[in-house]
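Structural overview for review
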Amino acid sequence: MAEIEAEDEGDDHDLPDLPNVDEYDEVRMRAAPNPNGPWHIGHARMPAVIGTYKERYDGSFIVRFDDTDPETKRPDLDAYDAILDDIDYLGFEPDDVIVASDRVETYYEHARELIDAGGAYTCSCSGETFSELKNDAEACPHREKDVETVHEEFEAMVDGEYEPGEMVLRVRTDIEHKNPALRDWVAFRMIDTPHPREEASAYRCWPMLDFQSGVDDHLTGVTHIIRGIDLQDSAKRQQFVYDYFGWEYPEVVHWGHVQVDAYDVKLSTSTIKEKIEAGELDGWDDPRAPTLASLRRRGIRGEAVVDALIALGTSTSNVDLSMSSIYASNRELVDDEAERYFLVRDGERFALDGGPDAGHPPLHPDHEERGERTVPVDGGVRLEPDDVPAPGERVWLKGYACVRREGDSLVATGDGIGVVREGDVDVVHWVPAEGGVEVTMRTPDGDVAGVAEPDFAATDVDDVVQFERIGFVRVDEHGDEESVVYWTHP
RNA sequence: GCUCCAGUGGAGUAGCGGCCAAACUCACGGCCCUCUCACGGCCGAGCCCCCGGUUCGAAUCCGGGCUGGAGCACCA
């Protein structure tokens, strides 16, 4: 009991409780992505929050691909699996995965029922014409068609007998509703472009999000819907359908939009896709892309992303996510196991006189038991330009010794570590002038070339290590010519 | 134009009538530790959008305003 209380204490700053959880046998939630590309950082919020609630309430987490627009939101066939990979990376496993384009017949059946209930009518007004009538709170002539005609015309829609724009099925709501957004909205429309999924390519009559999503939420037993403020009116719209069917609407939580600092690229799947196609980005996992694939390649753990997104809560305000909070979460996860190495960027070469043959800094300052590295001084050393001492000045080569600059040479002074402790001499990292490992470090700000110490070659791909005084990186590749690392964070 | 929502330090969140001139995380500044500008420790600066009202008492309730966001698509 004391243990449980202690855990509750720790949850003080977690997400707020979901509303009316006691009224349901089980909390069921869904993420309903549009599979038009791999996920950006903002998309991670949904699985992060749903996954967290699932654990808290022992509930379930459904993934439903809302892919009912083969044209303007054309699904990307690779995206279905890419999104499931992203969810896996974040550390969650959906209880069920369903695809809306597999369920079109179900939507048709409910449309027919809705027509029988007097809740829908076929309408051949142009969008413009209807919009004007609607804004004046006036019904169009099609609203009073008899049910038989509506059925006939809807079946003709299903059979693909109309051109796009020629006929739609509208939900009969309240044409005088004070909120124009709720008046007689479109439930089905004609789309000529075949769906990219083979199984769904024959359909021409497609449901709109509010109809499809509303029906599916009920049919799949969703109890709590979490969605963005852009869908603020959806519940009110769908409520009309729920009323016709005698269904209870689930609980709804709305949250604001997320923006992420630190990127030049807008947090938008279509924008990222355009940049990739234009060659401005190398792919979805380019370190300059604000995508989950990019963070993963940089060695940031899904858990760190989740932590940072959970901390945003679920308020309806728009929020800015600082990458630094993802970095802080991740650093906590990787610091203890990341071995230390030296990397010198834009190195300047110096001859070295006196001193031992090699330096031996530890692999990790907090874990002497892991051993030490061997950094030889073959052919002298290289230093970063900012670390080069002025002529006559001293600098401490970390793990090696104190040296003084004399012209283009560094000369061992024989000083003890005391000169560092007293603050007289700065400690810098360094690599041998010959025999280092060529490294390309890929960062959100572009690629950086450098040379790592020889022992760096012993690291494994996927290791996250720290280049001292530079930052953490994930080892991506050890090639013949060079190694490639992805910068993780400071 | 109509409708809906929100406004607490640089970012985010908590507090939701007295315990609050306000807490926590990240960021920032300083100091300590340290053979890293990492990790760790200490300290610091900085916030209740405005105006009225209710109340003994308001960040918290009410009204108005201002600012910001969202919807009014045959997009999701």
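Values in this document were obtained by computation on a predicted structure and should not be read as measured data.

In terms of burial, strand 9 (residues 251-255) is largely enclosed, as four of its five residues are buried. Relative to strand 9, strand 8 (residues 224-228) runs parallel, the two being bridged by five bridges. The residue of strand 9 that forms the bridge with Ile 225 is Val 252. Assessed by its sense of winding, the connection that carries the chain from strand 8 through helix 8 (residues 234-245) to strand 9 is right-handed.

Residues in contact with RNA strand B amount to 54 residues; listed here are only the nearest, Lys 73, Lys 134, Arg 189, Arg 331 and Arg 469. Atoms of RNA strand B within 4 Å of the protein belong to the sugar or the phosphate in 73% of instances, the rest to bases. Within the side chain of Asn 318, a nitrogen or oxygen atom sits 3.2 Å from a sugar or linking oxygen of RNA strand B. At a separation of 3.0 Å, a base oxygen of RNA strand B approaches a polar side-chain atom of Trp 396. Going through the elements one at a time, helix 5 (127-135), strand 6 (186-190), strand 11 (319-321) and helix 12 (323-334) are the ones with two or more residues in the surface near RNA strand B. The biggest single contributor to the surface near RNA strand B is helix 12, with four residues. For the surface near RNA strand B, a count of residues per class yields 18 nonpolar, 19 polar and 17 charged.

We now examine a negative patch on the surface. Residues Glu 105, Glu 109, Glu 113, Asp 116, Asp 146, Glu 148 and Glu 152 make up a contiguous surface patch of negative charge. Going through the elements one at a time, helix 4 (104-116) and helix 6 (147-158) are the ones with two or more residues in the negative patch. Among the elements that take part in the negative patch, helix 4 stands out by supplying four residues, more than any other. In this structure, Glu 152 sits in helix 6.

Next up on the list: the side chain of Ser 234. By the secondary structure assignment, Ser 234 is in helix 8. Ignoring anything within four residues of it in the chain, the contact list for Ser 234 reads Asp 210, Arg 227 and Tyr 249.

Between helix 4 and helix 8, the least distance of the axes is 10 Å, while the angle of their chain directions is 75°. Between helix 4 and helix 8, the crossing angle belongs to the class labelled roughly perpendicular. When helix 4 is examined against helix 8, the residues His 110, Glu 113 and Leu 114 are found in contact with a partner set consisting of Val 241, Tyr 244 and Phe 245. Split into classes, the residues belonging to the contact of helix 4 with helix 8 amount to four nonpolar, one polar and one charged.

Next up on the list: the sheet that holds strand 20 (residues 409-412). If you walk across this open sheet you meet the seven strands as 21-18-19-20-14-17-22, and the pairing is mixed. For this open sheet the edge positions go to strand 21 (427-428) and strand 22 (431-432), each flanked by a neighbour on one side alone. Bridge count for strand 17 (residues 381-383) against strand 22 is two bridges, and the pairing is antiparallel. From the neighbouring strand, Arg 382 faces strand 22, where its bridge partner is Val 431.

Here we take up the pairing of strand 14 (residues 348-353). Each regular strand carries side chains that alternate between the two faces of the sheet. Note that strand 14 and strand 17 share three bridges and pair antiparallel. Considered in strand 17, the bridge of Arg 349 is made with Arg 382.

Below, the discussion takes up helix 8. Taking 1.5 Å per residue, twelve residues should reach 16 Å; helix 8 reaches 17 Å between its end C-alpha atoms and fits that length. The first or second residue beyond helix 8 is Gly 246, which carries a positive phi of 70°.

Quick look at the pattern of salt bridges now. The final tally for this structure, using the stated rule, is 36 salt bridges. In this structure, the salt-bridge partner of Asp 184 is Arg 143, at a minimum N-O distance of 2.7 Å. Linking Asp 184 in the loop between strand 5 (168-171) and strand 6 with Arg 143 in the loop between helix 5 and helix 6, this pair joins segments that are 41 residues apart in sequence. Among the salt bridges present, the one from Glu 339 reaches Arg 370, with a minimum N-O distance of 3.2 Å. Of this pair, Glu 339 sits in the loop between helix 12 and strand 12 (340-341) while Arg 370 sits in the loop between strand 15 (358-359) and strand 16 (375-376), and the two are 31 residues apart along the sequence. Connected through salt bridges with shared partners, the residues Arg 30, Arg 64, Asp 66, Arg 103, Asp 216 and Asp 217 form a single ionic network.

Before going further, it helps to spend a moment on the environment of Glu 368. The residue Glu 368 is located in the loop between strand 15 and strand 16 in this model. For Glu 368, a relative accessible area of 57% corresponds to the exposed category. The spatial distance from the C-alpha of Glu 368 to the C-alpha of Arg 237 is 64 Å, given a sequence separation of 131 residues.

As a further point, take the side chain of Ser 409. Along the chain, the position of Ser 409 falls in strand 20. Look at Ser 409 and you get buried, because its relative accessible area is 19%. Setting aside its immediate chain neighbours within four residues, Ser 409 contacts Phe 350, Ala 351, Asp 353 and Arg 404.

Note: interface size is frequently given as the accessible area lost on complex formation between the parts. Split into domains, chain A comes out as domain 1 (12-101 + 255-329), domain 2 (103-207) and domain 3 (340-489). Computed over C-alpha atoms, the centres of domain 1 and domain 2 are 32 Å apart. Taken together, the 13 residues of domain 1 in the interface contact 14 residues of domain 2. For the pair domain 1 and domain 2, the summed buried area comes to about 1,200 Å², and 58% of that belongs to carbon and sulfur atoms. Among the residues of domain 1 in contact with domain 2, Thr 68, Pro 70 and Ser 101 are the three that bury the most area, contributing 42% of the side total. At the boundary of domain 1 with domain 2, the tally comes to seven residue pairs in polar contact (both at pLDDT 80 or more). Residues that form the side of domain 1 that touches domain 2 fall into these classes: seven nonpolar, two polar and four charged.

Rules and cut-offs
- Residues numbered from 1 in each chain as written.
- Chains lettered and ligands numbered in written order.
- Predicted model: local features only at pLDDT ≥ 70, side-chain atom pairs only at ≥ 80, totals over all residues.
- Heavy atoms only, no water.
- Buried < 20%, exposed > 50% of the residue type's maximum accessible area, 1.4 Å probe, protein only.
- Helix = DSSP H or I, 4+ residues; strand = E, 2+ residues; numbered from the N terminus.
- Pairing = 2+ DSSP bridges.
- Right-handed = clockwise from strand over helix to strand, strands pointing away.
- Near = heavy atom within 4 Å.
- Polar contact = N/O pair within 3.5 Å; in protein donor to acceptor, adjacent residues only side chain to side chain.
- Nonpolar A, V, L, I, M, F, W, Y, C, P; charged D, E, K, R; others polar.
- Patch = residues over 30% accessible without salt bridge, like charges linked within 9 Å, V, L, I, M, F, W, Y side chains within 5 Å.
- Areas by Shrake-Rupley, 256 points an atom, 1.4 Å probe, with all protein chains shown as cover.
- Salt bridge = Lys/Arg side-chain N within 4 Å of Asp/Glu carboxyl O.
- Lys, Arg positive; Asp, Glu negative; His and termini not counted.
- Charge placed at Lys NZ, Arg CZ, Asp CG, Glu CD.
- Contact = heavy atoms within 4.5 Å.
- Axes fitted to C-alpha atoms, helices over the stretch in contact; angles between N-to-C directions.
- Parallel < 35°, antiparallel > 145°, perpendicular 65-115°, else oblique.
- Expected span 1.5 Å × (residues − 1).
- Domains from an automatic or database assignment.
- Buried area = accessible area lost by both parts, 1.4 Å probe.

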